[in-house]
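Coordinate inspection notes
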Amino acid sequence: MAQPPKLNVHLWHAMRQSAGKLSLFVLICIVLLLLVRHLTDARIQMAEQQTLLDRFNEVLPAQLYDNNPLQDTRLLKEPELLRKLGAQQPVTFYRVRQGLKPIGTLFQVVAPNGYSGKIHLLIAVFADGQIAGVRVLKHAETPGLGDKIERAKDDWILSFDGRILTDGNANDWAVKKDGGDFDQFTGATITPRAVVGAIKRALEVVNQQGSKLYD
């Protein structure tokens, strides 16, 4: 059997070496990319968690609890409860405690009937059912009118602080135009009406769940 020319043998070995070096280079690049992604994802996750905690501390001061609410959660999945919360996916309740004592819970709720669409809210409720604070997370309401639900634009959102929902005051949970206790905005009643209704429904969920939220 004829032997391949010597030049071709050398060329074949050179090609194998080049292919091996190229494969090693590609492998090293993949490892480096995965390492960078891992480190970047970890930093992004930490930043997102810190941002979430900062928002939590706006409505429920950090000095009131000593646990990590991001690691102390309860997931609500019941369809009836999700409808009240304006959610299509399970809702996470973040619990805060002082030692073993429940202090309160924080969670998100959606008002689906804002003037320009959904209004996303963060609500903190003490263990006794009293609202610690409310903040608007996202909305598309009209600038200069409906955007007064933002804390940076108006103090209106603070009117929920210290409120509680009971059988005796359920009718108060409406804007004044509807016979309730909450101010509406001049020329923009739909937005505050949607927010008040969403928070009332959220408190109904909290009252219904009671101590089970902290089990």
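These figures come from a predicted structure and were not determined experimentally. (Residues numbered from 1 in each chain as written. Predicted model: local features only at pLDDT ≥ 70, side-chain atom pairs only at ≥ 80, totals over all residues. Heavy atoms only, no water.)

A few points about the overall build of the protein chain
For the protein chain, the helix and strand inventory stands at 3 helices and 5 strands. Starting at the N terminus and walking to the C terminus, you meet the elements of the protein chain as α-β-α-β-β-β-β-α. Split into buried and exposed, the 215 residues of the protein chain put 34% on the buried side. Within the protein chain, counting contacts between residues at least 6 apart in sequence, those at least 24 apart form 49% of the total. (Helix = DSSP H or I, 4+ residues; strand = E, 2+ residues; numbered from the N terminus. Buried < 20%, exposed > 50% of the residue type's maximum accessible area, 1.4 Å probe, protein only. Contact = heavy atoms within 4.5 Å.)

Some details on the packing of aromatic side chains
Under the counting rule described, the total for this entry stands at 7 aromatic pairs. Judged by centre distance (5.3 Å) and plane angle (90°), the ring pair of Trp 156 and Phe 160 falls under edge-to-face. Owing to a relative accessible area of 0%, Phe 160 belongs among the buried residues under this scheme. Seen from their ring centres, Trp 173 and Phe 182 are 5.2 Å apart, and the 45° between their planes marks the pair as tilted. Like Trp 173, the residue Phe 182 is buried in the burial classification. (Phe/Tyr/Trp six-rings, centres within 6.5 Å; stacked < 30°, edge-to-face > 60°.)

Quick notes on the pairing of strand β4 (residues 117–126)
Of the strand pairs in this sheet, strand β3 (residues 101–114) and β4 are connected by 9 bridges, and their pairing is antiparallel. Residue Val 109 lies in a different strand from β4, and its bridge partner there is Leu 121. Adjacent in sequence and paired antiparallel, β3 and β4 are bridged by 2 residues. As paired elements, β4 and strand β5 (residues 131–138) share 6 bridges and run antiparallel to each other. Bridging from a neighbouring strand, Ile 123 pairs with Val 134 of β5. Linking two consecutive strands that pair antiparallel, namely β4 and β5, is a turn of 4 residues; a positive phi of about 95° is found at Gly 129 within it. (Pairing = 2+ DSSP bridges.)

Some remarks on the environment of Glu 80
Summarising the element assignment, Glu 80 is placed in helix α2 (residues 79–84). What makes Glu 80 partly exposed here is its relative accessible area of 43%. Spatially, the C-alpha atoms of Glu 80 and Val 205 are 9.4 Å apart, while their sequence positions differ by 125 residues.

Structural notes on the nonpolar core
The biggest cluster of nonpolar side chains holds 37 residues, and the ones touching the most others in it are Phe 93, Phe 107, Leu 121, Phe 160, Trp 173, Val 195 and Ile 199. Among the secondary structure elements, those contributing two or more residues to this core are α2, β2 (91–98), β3, β4, β5 and α3 (190–209). Those residues in contact with Trp 173, other than ones at most four positions away along the chain, are Ile 131, Phe 160, Arg 163, Ile 164, Leu 165, Phe 182, Val 196, Ile 199, Lys 200 and Leu 203. Within the second largest apolar cluster, 13 residues are counted, among which are Leu 53, Tyr 94, Leu 106 and Leu 122. (Core = buried A, V, L, I, M, F, W, Y, C linked by side-chain atoms within 4.5 Å.)

What about the confidence of the model for the protein chain?
Chain-level statistics for the protein chain give a pLDDT mean of 87 and a share of 85% at 70 or above. The lowest-confidence element of the protein chain is helix α1 (residues 6–59), averaging 69 in pLDDT; the highest-confidence one is α3, averaging 97. (pLDDT = per-residue confidence, 0-100.)

Some thoughts on the pattern of salt bridges
For the structure on display, the rule yields 11 salt bridges. Between Arg 97 and Asp 72 there is a salt bridge, and its shortest N-O distance comes to 2.5 Å. Placement of Arg 97 in strand β2 and of Asp 72 in the loop between α1 and β1 (73–76) is noted, with a sequence separation of 25 residues between them. No difference in accessibility class separates Arg 97 from Asp 72, as the two residues are buried. Between Asp 147 and Lys 153 there is a salt bridge, with its nearest N and O atoms 2.9 Å apart. Overall, the relative accessible area of 7% leaves Asp 147 in the buried class. When salt bridges with common partners are traced through the structure, they connect Arg 55, Glu 58 and Arg 135 into a single cluster. (Salt bridge = Lys/Arg side-chain N within 4 Å of Asp/Glu carboxyl O.)

Quick look at a nonpolar patch on the surface
A cluster of nonpolar side chains, contributed by Leu 22, Phe 25, Val 26, Ile 30 and Leu 34, occupies part of the molecular surface with about 500 Å² of accessible area. By secondary structure assignment, the location of Leu 22 is in helix α1. A residue is classified by how much of its surface remains accessible, and Leu 22, at 53% relative accessible area, is exposed. (Patch = residues over 30% accessible without salt bridge, like charges linked within 9 Å, V, L, I, M, F, W, Y side chains within 5 Å. Areas by Shrake-Rupley, 256 points an atom, 1.4 Å probe, with all protein chains shown as cover.)

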